[in-house]
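Structural characterization, general
Okay, here's what each chain looks like letter by letter:
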Amino acid sequence: MTNLDRYTDQAIALAIAYGPKLVLALLTLVIGWRLIKVASNLLDRTMDKHNVDLTLQKFVLSISSILLKILLLVSVASMVGIATTSLIAVLGAAGLAVGLALQGSLSNFAGSMVILFFKPFAIGDVIEAQGYTGKVKEIQMFTTTITTPDNQRIIIPNALLSNGCIKNIFAEKTRRVDMTFGISYEDDLLKAKEVLGRLIAAEDRALKEPAAEIYVAAHADSSINLLVRIWVKRDDYWGVYFDMLERVKLTFDQEKITIPFPQRDVHLIQ
């Protein structure tokens, strides 16, 4: 018998011995992968039906999908004759090595757990953190993604969010709009306050309780500064802010109330 015949016989023997196992393992892998996807969709619909927090939904789906895929791969490995005990030991050792190498990632994972448990913010909230301001789009296992007002995507590690200061800008149902308007020292102060009060009363989005407030905030270098505080619903904040700025300027012009610019008197001594 030639070497070619011997190798051919060995190949046939291996194919007969391991071929059915390999085919079965591949079928199990394909079917199992699809079942995991179906199970994830079913779990997603179930949590959505029970009004589970959206942030928690995404986190649970991500963790469950990863665990199920690991179990599937271990099962497929055992079907083709790989000792699962040895495989698990190798995975454990590899996990320890990876854990030591990726301490920062583990701290980010712990940070995500803190965020999910204490809920300083949720998906859809507008936050200010780590020098960035934006709407929370995703809270993942290691990072949180926010979108800035000019539509930039910012990805922040969860460890920084869980250990740093976070301003949840629209967490409350109402917010106070603070604006400062300067008038000239020669203008009628009481008339200016009356005009501002009239504009506030005409603003339908301004809340009656708490009531709006108008104060003389400062005797500045070139103007008397009037501080206006208006309480609004959180969704109306920017609309009221920008509309009031425009209306105050137009109305002051009609009422002959001057909004002064910075100026300085210079005396020349001969």
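Now for a quick tour of the structure. (Residues numbered from 1 in each chain as written. Predicted model: local features only at pLDDT ≥ 70, side-chain atom pairs only at ≥ 80, totals over all residues. Heavy atoms only, no water.)

In a structure, side chains of opposite charge can pair up when their charged atoms sit close to one another. By the definition in use, this model includes 9 salt bridges. With a closest N to O distance of 3.6 Å, Lys-191 and Glu-255 form a salt bridge. Residue Lys-191 is found in helix α6 (residues 189-201), and its partner Glu-255 is found in the segment after α7 (237-254); the two are separated by 64 residues along the sequence. Of the charged contacts, one joins Arg-247 and Glu-203 as a salt bridge, the two residues approaching to 2.6 Å between their closest N and O atoms. With a gap of 44 residues between them, Arg-247 in helix α7 and Glu-203 in the loop between α6 and β7 (213-219) connect regions that are remote in the sequence. For Arg-247, a relative accessible area of 34% corresponds to the partly exposed category. Look at the salt bridges and you will find they share partners, linking Lys-191, Glu-194, Arg-198 and Glu-255 into a network. (Salt bridge = Lys/Arg side-chain N within 4 Å of Asp/Glu carboxyl O. Helix = DSSP H or I, 4+ residues; strand = E, 2+ residues; numbered from the N terminus. Buried < 20%, exposed > 50% of the residue type's maximum accessible area, 1.4 Å probe, protein only.)

Of note, His-219 is situated in strand β7. Separated by 37 residues in the primary sequence, His-219 and Gly-182 have C-alpha atoms spaced 9.5 Å apart. Ignoring sequence-local partners within four residues, the contact set of His-219 consists of Tyr-185 and Ile-224. (Contact = heavy atoms within 4.5 Å.)

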